[in-house]
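Notes for the structure review
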Amino acid sequence: MGYTTLLLASLGILLAGTDASPLSKRAALDDCLKTALVPTLASGSADYTQSIKPFNNRVTFKPAAYAVPTTVKHVQDAVACGAANNILVTAKSGGHSYGSHGLGGEDGHLIVDMRNFKSVTVDAASNTAVIGTGGRLGDVATALYNQGKKAIAHGTCPGVGVGGLSLHGGYGLISRSKGLTLDNIISVEVVLANSSVVTASEMQNPDLFWALRGAGSAFGIVTNFKFKTFTPPESNIVFQYGVNPSSASQLATIITALQDFSRNTQPLEMNMRLFLASYTTLSGVYYGSRADFDKIMQPLLSKTGISGGQITTNTWINTLSSFAYGPLQQATPYDTHETFFSKSLMPELLSPAAITALANYWNANARSNSRNWYLLFDLHGGKNSAITQIPSNTTAYAHRNAVFKMQFYDRVNSGAYNSAWFPFLNGWVKAIQDASPGVDFGMYINYADTSLSKEQAHGAYWIGKYEQLVQVKEVWDPKRTFEGPQLVGS
Ligand SMILES: Cc1cc2nc3c(=O)[nH]c(=O)nc-3n(C[C@H](O)[C@H](O)[C@H](O)COP(=O)(O)OP(=O)(O)OC[C@H]3O[C@@H](n4cnc5c(N)ncnc54)[C@H](O)[C@@H]3O)c2cc1C
C-alpha cells in the first residue's frame, strides 16, 4: 500500500470521483488537510489575502486551498490530499513568477507555500550548503556570508525565492564565472506526486535530477537543495556606463559589438549587461584587477563609442547590494509588487537583419513610449562562459548556447496594465523573429510569458528537450498532480 493510500485509509477518506463538483472537491480537500493537521490559511484572513497577492499584480489567481507546511510530513500530506481530491498541487517559494505560476498560473490549485523551509546550513569543510527552498535570495546570501564567508551563484533581485530560481535557471552577476544556480546543485530533497520523499542527484534518481534542473515545478515539491559553495572574491570592479544611442544604427552597432564580445573574447571573470530603457546603461562586475579590467574593456568601449562611467571596487556583500537596489535582507511579510507584462528571447546568435529589426523597432516604437519599459541583454553565453561550457544535456535547462538572455519588460507605476499595450512587446519580439526565418528562439520560463499558448511555451522554454521531459514526467508524475498552464506535461 502506497503512502497516499495509507494516509487516506487512516483518515477514512474515499477518493473523490472525477464527477465531484468543484465545491464538494474543495470541501473534501479542506477536510483532508484539516484531518492531516496540515497548517492552512483561511480564505479571507489577512495572511491569506497578503499571500495570494502575486509579485506581478497583473496576474492574480484564486487557489482551492492554501497550505503553509512546517514539516516535510505536512508537505507529503498536502500532496496526498490534493492528489486524492483531483486538485492540482503547486509549490510556491518566493512568489516571483512573472505568470504567477507559484499560485498555479490559473484558479483552483492547492498552493503549498514553502515559506517555513528557509534554513541555511553551511558545511565549510566540504564547501557545501543545504538551503531550504522557501528562502529569498538576499536572506540566503546574507546567511551564507555570515556562516564563514560563503556564497552561491544566484540572481540579482533579493526578493526572489530560491525554489523557482534554482529549479528553472538562476542567472546573476557571477554566472559567467560560476554557472547558473542550477549548475551548482549537488542534490535535491523532493516530495513526489505519490507523497514519498526522495533524494535526486547524479547518483540517485538521475533522470529526476536532470528534469528538476530546468523544469522542476512539474516534478514534485522540493524541500531543500544541497549546493556547491565558493569563497566569494572581496575586491570586485563594479561598473556602470551611461549609453545613449542616438539612432537605430548606433544601437545596432552597440548590440553587434556586445554580441561579438560575449561570443569570442569576454573572459569568465567579466559579467555584464546592457539595460536598454529611457536611460540606457552598460553595467556589471569584473572579478579581477582594475588594470586587467581596463585592458579588457578598452577595445569594447572604443567599438561602441561608450565612455566615462562609474567604476568602484566593492566587497562581495556590497557587490550584491549594488545590483539589489535595496537592502539584501527582506521584510516579512514580503510586500513588493509590480504591474507588468514581460517576454524573453534566448538567441544563440542575432543575425545582422535581426539586430537591425530590433533597433528599428526601438527607434520607431520604444523611444517614444513613456511607460516604464526596458529591454535587458544579459551577456549569458559564449566560448568562455561557464554556462556554455557545461554540456547541453547535463540538465533540462535548454539555453546553454544563448549568447544573450533578453528580457522585454513593460510596466506601469500605478493602475492596471491595459490590454491595448500587449502589442508593444509582442510586436518587438515578432519583429526580431520575422527577421530571422528558420530560427527557433528559446525563451526563459523564469520570465514566464503569459501570452504563450501551452504548445508555444513548451517549445520555447524547453527547446529540444521537451519530449525527453515528458518521458521523465510519465515516470515520476504519471497522474499529473503537478501541473500548470505552461508546465511540462500540461
Ligand atoms: C524582480 C525580479 C527579479 C528577477 N531577477 C532574476 C535574476 O536576476 N535572474 C534570474 O535568473 N531570474 C530572475 N527573476 C526571475 C525569477 O528567477 C523567477 O521568477 C523565479 O521562478 C521566481 O522564483 P520564486 O520561487 O520567487 O517564484 P514562485 O512564483 O514561488 O515559483 C516559480 C515557479 O517555481 C515553482 N516552485 C517554487 N518553489 C518550488 C518548490 N519548492 N518545488 C517545486 N516547484 C517550485 C512554482 O510552482 C512556480 O512554477 C526575477 C524575477 C523578479 C520578479
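Residues numbered from 1 in each chain as written. Predicted model: local features only at pLDDT ≥ 70, side-chain atom pairs only at ≥ 80, totals over all residues. Heavy atoms only, no water.

A closer look at the pairing of strand 13 (residues 339–345)
Selection rule: Exposure is judged per residue with a 1.4 Å probe applied to protein chains only, and the accessible area is read against the type maximum: over 50% gives exposed, under 20% gives buried, and values in between give partly exposed. Only DSSP runs of H or I with at least four residues qualify as helices, and only runs of E with at least two residues qualify as strands; both kinds are numbered from the N terminus onward. For two strands to pair, DSSP has to find at least two bridges joining them.
Here strand 13 lies mainly inside the structure; seven of its seven residues are buried. Both faces of strand 13 are covered, namely the face carrying Thr-339, Phe-341, Lys-343 and Leu-345 and the face carrying Phe-340, Ser-342 and Ser-344. In terms of strand pairing, strand 13 meets strand 15 (residues 404–412) through seven bridges, oriented antiparallel. Note that in strand 15 the partner of Thr-339 across the bridge is Val-412.

Observations regarding unusual backbone geometry
Omega for the peptide link from Thr-332 to Pro-333 comes to -5°, which places this bond in the cis form. When you line up the elements, Pro-333 lands in the loop between helix 11 (316–322) and strand 13. One non-glycine residue, Ser-195, lies in positive phi territory at about 75°. You can call Ser-195 buried: its relative accessible area is 0%.

Structural notes on the site of the ligand
Basically, it comes down to this: Throughout, the term near means that a residue has one or more heavy atoms lying within 4 Å of the molecule or strand in question. By the criterion applied in these results, polar contacts are pairs of N or O atoms within 3.5 Å in which, for protein atoms, one can donate a hydrogen and the other can accept it, and in which residues neighboring in sequence qualify only through two side-chain atoms. Exposure was quantified through the Shrake-Rupley algorithm and a 1.4 Å probe, taking into account, for residues, occlusion by the shown protein chains and nothing else. Charged residues are taken to be Asp, Glu, Lys and Arg, nonpolar residues to be Ala, Val, Leu, Ile, Met, Phe, Trp, Tyr, Cys and Pro, and polar residues to be all remaining types, Gly included.
Around the ligand sit 32 residues in total, of which Ala-91, Ser-93, Tyr-171, Tyr-444 and Asn-446 are the nearest. Between Tyr-444 and the ligand, the recorded distance is 2.7 Å, taken from a side-chain N or O atom to an oxygen atom. Considering the ligand on its own, with 960 Å² of exposed area, one finds that the protein chains cover 93% of that surface. Only strand 2 (89–92), helix 6 (162–168) and strand 8 (221–228) provide two or more residues apiece to the shell around the ligand. A per-element tally of the shell around the ligand places helix 6 first, with five residues. Each residue belonging to the shell around the ligand can be placed in one class, and the counts come to 12 nonpolar, 19 polar and one charged.

A look at the state of the cysteines
Rules: Defined by distance alone, a disulfide is two cysteine sulfur atoms within 2.5 Å.
Applying the stated criterion to the full structure yields one disulfide. Each sulfur of the disulfide joining Cys-32 and Cys-81 lies 2.1 Å from the other. One quick way to see it: the torsion about the S-S bond of Cys-32 and Cys-81 is about -80°, and its sign makes the bridge left-handed. With Cys-32 in helix 2 (residues 22–35) and Cys-81 in helix 4 (residues 72–84), this residue pair connects regions lying 49 residues apart in the sequence. You'll find Cys-32 and Cys-81 in the same group, each marked buried.

Quick notes on the packing of helix 12 (residues 352–366) against helix 14 (residues 422–434)
Here is the rule we go by: Between the N-to-C directions of two axes lies an angle of 0 to 180 degrees, each axis being a line fitted to C-alpha atoms and, for a helix, fitted only over the stretch in contact. Note on angle classes: values under 35 degrees are labelled roughly parallel, values over 145 roughly antiparallel, values of 65 to 115 roughly perpendicular, and the remainder oblique. Helix crossings get a hand from a simple test, with the near helix turned counterclockwise from the far one by less than a right angle marking a left-handed crossing and a clockwise turn marking a right-handed one. Any two residues whose heavy atoms approach within 4.5 Å at even a single point are treated as in contact.
Running from N to C, helix 12 and helix 14 point in directions that differ by 155°, and their axes come no closer than 8 Å. Between helix 12 and helix 14, the angle is such that the two are roughly antiparallel. Helix 14 is crossed by helix 12, and the crossing has right-handed handedness. Contacts from Ala-354, Ala-357, Leu-358, Tyr-361, Trp-362, Asn-365 and Ala-366 in helix 12 reach Pro-423, Phe-424, Gly-427, Trp-428, Ala-431 and Ile-432 in helix 14. Residues of the contact of helix 12 with helix 14, tallied by class, amount to 11 nonpolar, two polar and no charged.

Quick notes on the UniProt feature "domain: FAD-binding PCMH-type" (unreviewed entry) in the chain
Just so we agree on the cut-off: UniProt positions are given in the numbering used here, feature names are shortened, and annotations may be inferred rather than shown by experiment.
The feature "domain: FAD-binding PCMH-type" (unreviewed entry), as given by UniProt, occupies residues 59–232 in the numbering adopted here. A helix fraction of 25% and a strand fraction of 23% characterise residues 59–232, whose end C-alpha atoms lie 37 Å from each other.

Details of the packing of aromatic side chains
Cut-off, in case you're wondering: Note on ring pairs: Phe, Tyr and Trp rings are taken, using the six-membered ring of Trp, and paired if centres are within 6.5 Å. Classes follow the plane angle, with under 30 degrees stacked, over 60 edge-to-face and the rest tilted.
For the structure on display, the rule yields 28 aromatic pairs. Seen from their ring centres, Tyr-361 and Trp-428 are 5.7 Å apart, and the 25° between their planes marks the pair as stacked. With Tyr-361 in helix 12 and Trp-428 in helix 14, the pair connects residues that are 67 residues apart, well separated along the chain. Relative accessible area serves as the criterion here: at 15%, Tyr-361 is assigned to the buried category. The exposure class assigned to Trp-428 is buried, which follows from its relative accessible area of 0%. On the basis of an interplanar angle of 90° and a centroid distance of 6.3 Å, the ring pair of Tyr-397 and Tyr-444 is categorised as edge-to-face.

A closer look at the environment of Tyr-286
Among the structural elements, Tyr-286 can be located in strand 11 (residues 280–286). Taking the relative accessible area as the measure of exposure, Tyr-286 reaches 5% and is therefore buried. Tyr-286 sits 160 residues away from Ser-126 along the chain, and the two C-alpha atoms are 27 Å apart. Contact partners of Tyr-286, with chain neighbours within four places excluded, come to Asn-236, Ile-237, Phe-239, Glu-269, Met-270, Asp-292, Phe-293 and Ile-296.

A word on the pattern of salt bridges
For clarity, the cut-off: Should a side-chain nitrogen of Lys or Arg be within 4 Å of a carboxyl oxygen of Asp or Glu, the pair is scored as a salt bridge.
Under the criterion given, the structure shown has 17 salt bridges. Of the charged contacts in the structure, one is a salt bridge between Lys-303 and Asp-260, with a shortest N-O distance of 3.4 Å. Of this pair, Lys-303 sits in helix 10 (residues 290–304) while Asp-260 sits in helix 9 (residues 248–265); the two residues are 43 residues apart in sequence, bridging distant segments of the chain. Here Lys-303 falls in the exposed class, since its relative accessible area comes to 52%.

Overview of the sheet that holds strand 7 (residues 197–201)
Taken together, the five strands give an open sheet; going across it, the order is 4-5-8-6-7, and neighbouring strands pair in antiparallel fashion. Of all the strands in the sheet, the pair left with one neighbour each is strand 4 (120–123) and strand 7. Pairwise comparison of adjacent strand axes, ignoring direction, gives a mean angle of 15° for this sheet. Bridge count between strand 6 (residues 185–191) and strand 7: five bridges; the pairing is antiparallel. Opposite Glu-189, over in strand 7, you have Thr-199 as the bridge partner. Packing against the sheet, helix 8 (residues 206–215) makes contact with strand 6, strand 7 and strand 8, and its axis sits at approximately 95° to strand 6.

Details of the packing of helix 9 against helix 10
Orientation of helix 9 relative to helix 10, taken along the N-to-C sense of each, is 155°, at an axis distance of 9 Å. Between helix 9 and helix 10, the angle is such that the two are roughly antiparallel. Crossing angle aside, the handedness with which helix 9 passes helix 10 is right-handed. Where helix 9 abuts helix 10, its residues Thr-253, Ile-254, Ala-257, Leu-258, Asp-260 and Phe-261 lie against Ile-296, Leu-300, Lys-303 and Thr-304. Tallied by class, residues from the contact of helix 9 with helix 10 come to six nonpolar, two polar and two charged.

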